Every structure is written in C-alpha cells, then in structure tokens.
Amino acid sequence: MSQHWTLLLGGYYYFGRDNFSHVAGPRAEIDMNWKNTSGHLDVIRSLTLLGGAQYDNVRHANIYTGLRVSFGQQNVSNSPVADAMTGYIRRDINVITSAGIGPLKFLRDSNGKLINVQDVRNSQELLTATGNTTVDVVAVQNNINSVNNVALGDGQTITGKNYPFTREGVTFNAQLAPGSVALAADSGQDALRVRNNTVRDLTITVDSNRESISAQDQNPGTVIIDGITTNGQMDLRVAGDATSTHTASVSITNSQINYNGPADSTAIDLRANRGGTMMIQTMSQNNVTAQASQSRGIQVGADNTGGVAGQTAGQIIVNGNVSNNTIVTTDNAGLDSRGMRFLTRDGASVVINGNISNNVIQTNNQGSHGLGLKSEDSNSIITLNGNIANNTITVNGQGAKAIRARTENGGTIVINGNISNNALQADGQDAKGINIRSEQNASSITVNGEIANNAIMARGQDGRGINLEAEGGNLQLNNTIKKNVISISDSADAIRLRARDSGAITSGANGGDIRNNQVIASASTGDAIHIIAGRSGSSTGTVSLGSISNNTVTGNLSTGVEVDAEQTGSTVSINGLNGNQLNQEDIDLTAEAGTTITVNVNQGNTGLSAANNNATVNTSGAGTININPGP
C-alpha cells in the first residue's frame, strides 16, 4: 500500500541591507510524494519528485528539479508527530554558505597600494600622522586644540566621520570616526594647509579673520572639501613662478561658513594668478554668511598679481555646477557686499561651463550685488557657457543689483547661456534686478542667450527691473528679452536700455527683441520700456534693436514705451513696435536736435488714451523721427 500527496508552495522574498543591492522576487515549489505504508521491510520508504522556480533582480531566473528517495524501514506509527520529528530537513535555497566574490580584499588606492588609516586623538598625534608619508587617511577621533598651520601630507584625507570609496562602480561609505568632531587653532593662527587633500566632516574653529583651510605655497593641487563647518575663511589660490605653472582642481560641497572677517574680505576665496589654472569641479549645497562691510560670500577670481614677463595670467575653468548654495551678507550698515562674484583682471580669464542655478542669495547694504560677473581691464574675459537659472536673489540698498554683469577698461564678457527663471527682488534707490553694463572704450559684452521667464520686483526711486547700459563700451544683444514678469513701483522702469559716452547697444540679425513681457505697475511714475541714446549736453550713443512687441502693462505708470535721443549724433533704430497692450499709456518718441529716431510702428499697439483704443504715438524734439505706420 502507499500514500500519495502533493505540496504546492508560492510566495515572494526580499533580502536587504544598507549599501548593498537588495534581492527580491517571486518563488514557487511543487513536491509530489509517494510513501510506502505497507508496514513491511520494503527497501524503498518513499519517493518525492521536486520542482521549483524563482526570479530576482540579482540572480535572475533559477529553475530546479530533483528526485529524493528514502530507504529503510517505515515508521510503524505513521503519526504526523513522528513524521515531523523524523522527516527530511529541507534547506532553503536562499541560504548563502559562500560569499561568492572570492577571498576578502583589502582596500587599495588606484595604484594598488594599501590604504593606511591612522586614528588621532590629540595635536601631537595629528602632527605625527600628517607628517607620515605612509598615512593615507587621518581619522580624527575627538576634539583637538592647537591645530596651528598643520600641513596635511600630499594626497592625505582627513575626516571626522566618513571615508567614501568606490569599488566596481559601487560607492561605499566607511565611518572611521564618531562625527561632530572639532579642530581648533590658537589665537592668531590658521588651521589646515592643503595640497592634494580631502577634508571632510569636521568643525574647524579659528579667529574670525583667520583661515580655516588654505593652500600650501599657492599650489593646492586637487582639493575636495565636504561637510565642513567653520567660522574661518577658505582661501585656495593657485599660482606659478618664474619657471613653471600649476594646475588646481577644487570641489566644495555641503559646508557651512559663518564668516565675520575684516572689511573687504571673502568667506570662500578661489583665485588663480600668474600662470596658475584652477578648475572648479563643483560648488554646491554650501551655506555661507559674511558679516563685514564690503565682504563677499564666494569669490572666484583670476588675475596676474606678481606675474613675470612672458608668463600667462591666471585662468579659472568652472566645469561643474555652482548650485544650491545659500549666501547671506548681513552687515546692514556696510557697503558694497557681494553674495557671489566672478572676477577677472590683468588679462586673466574665467570660463563657466556649468550652471549657476538654484542658489538663494541675500545682500543687505548699499551698492551690494547678489550675483556678479566683472571683467576689469584689457584682454580680461569672462565666458558664461552655462545658464544663470532658478536662483532666488534679494538685494536691499541704494544702487544694489540682484544679477550684474560689468566690463571696464577694455574687459570682455560673453554670455552664451540663458538668464532665466530667476526670482529677483531689488529694493532701494537705483536698485536693479538684472544689470548688464559695458563701460569705457573697447569694453564689450555679448549676450547670446535669452533673458527670459524671470520674476523681477524693482522698488525704489530710479530703480530698474532689467537694465542694459553701454557707457563708452559696446553691448551686443543677439537674443531676446522675453516672458519676464516685472513688478515696479515708485519711479522705477521695468526695462531700460541706454547707450551714452559713445557707447552702442546693437542687436544681431535674429536678436534684440523685447517681447511678451508683462509689467505690473503699482503707483509708479516710471516707464514700462525706456530706450535712451546719448546723454543730454554731454555724450552720444547708439541703440539698434529688433522688435518691441506683444508686451503687456497692468496698472498705471508714466509711459508705455518711451524712446529718447538726447545728444547730437545719437541714433535709435527699432525694427518693429507692435502688438503692445499698454493699458492707459502711450508711446512717446523724443528726438533732440541733431539726433535720429527710426521706428517701424505696426498696427496693434493699444492704450485707452486714444478714442479708437490705439496707443497714441507722441513725437517731440527738433531732431528727425522716421515712423513707418505699418500696413
């Protein structure tokens, strides 16, 4: 006699662990059993046909079959309890009995050298470890005082918590120290000097006017700073000498600086000069507060200070994004603070390939700038290939600018990326949301990207939402100013372009359009769009634009579109002026003696001051005004 039974099993399994891929998937089994129950001494006790299948994301499909044969005398009782106590023990196929990845491997660097980790607990152990060329990682185990001008060993990592590493494309994070660890320098001393180092997960305390991290001999090499909290300056500079040049690579992330240094100082100062090249790989997720007059949160500058004959000036190349930083300057009584500034002088260059994006910047004093690009003299150049986008910038104070690009003395700025989707607020007399200004002979700014989709608020006497100026220099507008929403009050203008001191604002064949912008006026005596060539009684200027079209004004102000040619020899040319909805405002054209304004006024401009609901075009002055009324 025999018994027959079939067992069907199905389910879903999941195995997971931090920093490793999980293993999960469905599984099914079938067991078909024939058991001998005759009670005689049969050779075969039972037969079981086995089968199963499973699938997961790591091992993929697995199918198995088998036959199990049991020999020997049967259990006479045939009781369920006896069967359970004497039955076959099934091993789960997911039990891992071997790692399957070979023998244990020691952590090695890219050259195959074993990584040597040294724990340090006091200043003497720190000096010993940083002076030992065989130590790769210095793991700080508790707070250490008297960390005075400690020079890290070439290539060392110093950490107060984690040490990340990558193997076979997977990043792991080893915790080597307890975290919340602090290094403190004595009064009047700097803390760490770096060359080819990683500094991470530390709090560094110095006097407020001292340096928490600085370069050794202006040759930092490759520096990675991550997770640092400090009250001291991060000062990284690269320079060559009479016979050689140096190249540096810098990344600063996830760090916090509350800097209260002397006037005219910088919290994060990255600079290349006299034959040095600095490549900024990324600068993101930092929180910077600068509290002194004329202070700067982040400054990226290239010059040729101390240069020698025949040696190239410094250059900076920003390869990665400058993003998600929060920068605040807080000295309300001070002057000329800068949230973030890129600067060239002495024939040096800065090239920004990444985006300047998603930063939050606030400055609070007269003449302050949120985000600035400045090229100061002949042959110096800033090239922006990335975008200035999605930043939130608030500036308060007379003459403050949220975004500023400025050239002087023959400097050059080329903006290839877009200035777009920023939220800008400029409060104060002569404050500006976006200010692009080319000064003095041979200076030039070329705008190849769009100025678009920004939300701008300009409040204060003579404020500007978007302000473009050529004061002795040249400004080439090769793309459009479009779809910006600009709120103005007091005597602010929403969009203003002015050329004077023999300067010129010109547009490319397919550029120079000001279109589809929305102006929201609240008790403003300013203008929605104001174009000026020359300066009455002193200098000439030239403005040549594409179309001013399909802009909308909500609320009342002085003029919808105002065009002024102010000094003999000045000219304004506007290719098209059509489709603007100017509410109760008109279009005013004023040409003084010896000046010329040429405008193609096409149908479709509207304003409630005219009986037929068309915007009235007012002309005045002793100069020449040429108007094509359109079809």
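The shown structure was predicted, so the numbers you read here are calculated from the model rather than taken from an experiment.

1. Focus: the overall build of the protein
- Counting its regular elements, the protein contains 2 helices and 58 strands.
- Counting across all 631 residues of the protein, residues that qualify as buried make up 50%.
- By sequence separation, contacts in the protein at least 24 residues apart represent 75% of the contacts at least 6 residues apart.
- For the protein, the accessible area works out to roughly 27,000 Å², and carbon and sulfur atoms hold 47% of it.

2. Quick notes on the nonpolar core
- With 121 residues, the main nonpolar core has Ile 158, Leu 192, Leu 236, Leu 270, Met 278, Phe 342 and Ile 436 as its most contacted residues.
- Residues within four places of Leu 270 in sequence aside, it is in contact with Leu 236, Val 250, Ile 252, Met 278, Ile 280, Met 283, Gln 299, Val 300, Gly 301 and Ile 316.

3. Focus on unusual backbone geometry
- For Asn 149, which is not a glycine, the phi torsion comes out positive at approximately 55°.
- Positionally, Asn 149 belongs in the loop between β6 (137-140) and β7 (150-151).
- Residue classification places Asn 149 among the partly exposed residues on the basis of a relative accessible area of 33%.
- Unusually for a residue other than glycine, Ala 442 sits at a positive phi of about 75°.
- With respect to the element layout, Ala 442 can be found in the loop between β38 (432-439) and β39 (444-447).
- Here Ala 442 falls in the exposed class, since its relative accessible area comes to 52%.

4. Description of the side chain of Asp 377
- Structurally, Asp 377 is set in the loop between β30 (369-375) and β31 (381-384).
- Despite its burial, Asp 377 pairs with no opposite charge; the closest candidate is Arg 345, at 5.7 Å N-O.
- Those residues in contact with Asp 377, other than ones at most four positions away along the chain, are Arg 345, Asp 346, Gly 347, Glu 408, Asn 409, Gly 410 and Gly 411.

5. Quick word on the confidence of the model for the protein
- Averaged over all residues, the pLDDT of the protein equals 87, while 86% of them reach at least 70.
- Considering only residues more than four positions removed or in separate chains, one finds that residues 95-102, a stretch of pLDDT under 50, has 1 contact.

6. Overview of the side chain of Asn 219
- Mapped onto the secondary structure, Asn 219 falls in the loop between β14 (211-215) and β15 (222-230).
- When near neighbours in sequence (up to four residues on either side) are disregarded, Asn 219 contacts Arg 195, Arg 237 and His 246.

7. Observations concerning the pairing of strand β46 (residues 493-500)
- Taken across its 8 residues, β46 has 8 buried, putting it largely inside the fold.
- Here strand β42 (residues 464-471) pairs with β46 via 7 bridges, running parallel. By the bridge assignment for β46, Asn 467 is matched with Arg 496.
- Pairing geometry for β46 and strand β50 (residues 527-533), over 5 bridges, is parallel. Within β50, the residue paired with Ala 499 across the bridge is Ala 533.

8. Structural notes on the pairing of β50
- Burial analysis of β50 places 7 of its 7 residues in the buried class, which makes it a mostly covered element.
- Relative to strand β53 (residues 559-565), β50 is paired through 6 bridges, and the arrangement is parallel. By the bridge assignment for β53, Ala 533 is matched with Ala 565.

9. Focus: the pattern of salt bridges
- Applying the stated criterion across every chain, the model contains 24 salt bridges.
- Residue Glu 408 is joined to Lys 374 by a salt bridge in which the shortest nitrogen-to-oxygen separation is 3.7 Å. Highlighted residues: Glu 408 in the loop between β34 (401-407) and β35 (412-415) and Lys 374 in strand β30, separated in sequence by 34 residues. For the pair Glu 408 and Lys 374, one class covers both residues: buried.
- Note that Arg 437 and Glu 439 form a salt bridge whose closest N and O atoms lie 2.8 Å from each other.
- Taking relative accessible area as the criterion, Arg 437 reaches 21% and is therefore assigned partly exposed.

10. Here we look at the environment of Val 120
- With respect to the element layout, Val 120 can be found in strand β5 (residues 117-120).
- Residue classification places Val 120 among the buried residues on the basis of a relative accessible area of 0%.
- C-alpha of Val 120 to C-alpha of Ala 177: the two residues are 57 residues apart in sequence and 9.7 Å apart in space.
- Excluding its chain neighbours within four sequence positions, the residues that come into contact with Val 120 are Glu 125, Leu 126, Ala 129, Val 138, Ala 139, Val 140, Gln 141, Asn 142 and Ile 144.

11. Some details on the environment of Ala 405
- Relative to the assigned elements, Ala 405 resides in strand β34.
- Note: C-alpha distance between Ala 405 and Asn 435 (30 residues apart in sequence) is 6.4 Å.
- Excluding residues that lie within four positions of it along the chain, Ala 405 makes contacts with Leu 373, Ile 413, Ile 415, Asn 435, Ile 436, Arg 437 and Ile 445.

12. Let's talk about helix α2 (residues 123-130)
- Buried within α2 we find Leu 126, Ala 129 and Thr 130. For α2, the arc enclosing every buried residue in end-on projection is 90°, short of the 170-degree limit, so these residues lie on one face.
- In this structure, the buried residues of α2 make contact with β5, β6, β7 and β8 (157-159).
- Where α2 begins, the side chain of Asn 122 points an oxygen toward the backbone nitrogen of Gln 124, at a separation of 3.2 Å.

13. Some points on a nonpolar patch on the surface
- On the surface, a nonpolar cluster with roughly 370 Å² of combined accessible area is contributed by Trp 34, Leu 47, Leu 49 and Leu 67.
- Take Leu 67: it is sitting in strand β4 (residues 60-71).

14. Some thoughts on the environment of Val 300
- Secondary-structure assignment places Val 300 in strand β22 (residues 296-302).
- According to the relative accessible area criterion, Val 300 is buried, its value standing at 0%.
- Put simply, Val 300 and Ala 272 are 28 residues apart on the chain and 8.5 Å apart in space, counted from C-alpha to C-alpha.
- Contacts of Val 300, omitting those with residues within four sequence positions, involve Leu 270, Ile 280, Met 283, Ile 316, Arg 341, Phe 342 and Leu 343.

The rules behind each value
Residues numbered from 1 in each chain as written. Predicted model: local features only at pLDDT ≥ 70, side-chain atom pairs only at ≥ 80, totals over all residues. Heavy atoms only, no water. Helix = DSSP H or I, 4+ residues; strand = E, 2+ residues; numbered from the N terminus. Buried < 20%, exposed > 50% of the residue type's maximum accessible area, 1.4 Å probe, protein only. Contact = heavy atoms within 4.5 Å. Areas by Shrake-Rupley, 256 points an atom, 1.4 Å probe, with all protein chains shown as cover. Core = buried A, V, L, I, M, F, W, Y, C linked by side-chain atoms within 4.5 Å. Lys, Arg positive; Asp, Glu negative; His and termini not counted. Salt bridge = Lys/Arg side-chain N within 4 Å of Asp/Glu carboxyl O. pLDDT = per-residue confidence, 0-100. Pairing = 2+ DSSP bridges. Arc of directions from axis to C-beta. Polar contact = N/O pair within 3.5 Å; in protein donor to acceptor, adjacent residues only side chain to side chain. Patch = residues over 30% accessible without salt bridge, like charges linked within 9 Å, V, L, I, M, F, W, Y side chains within 5 Å.

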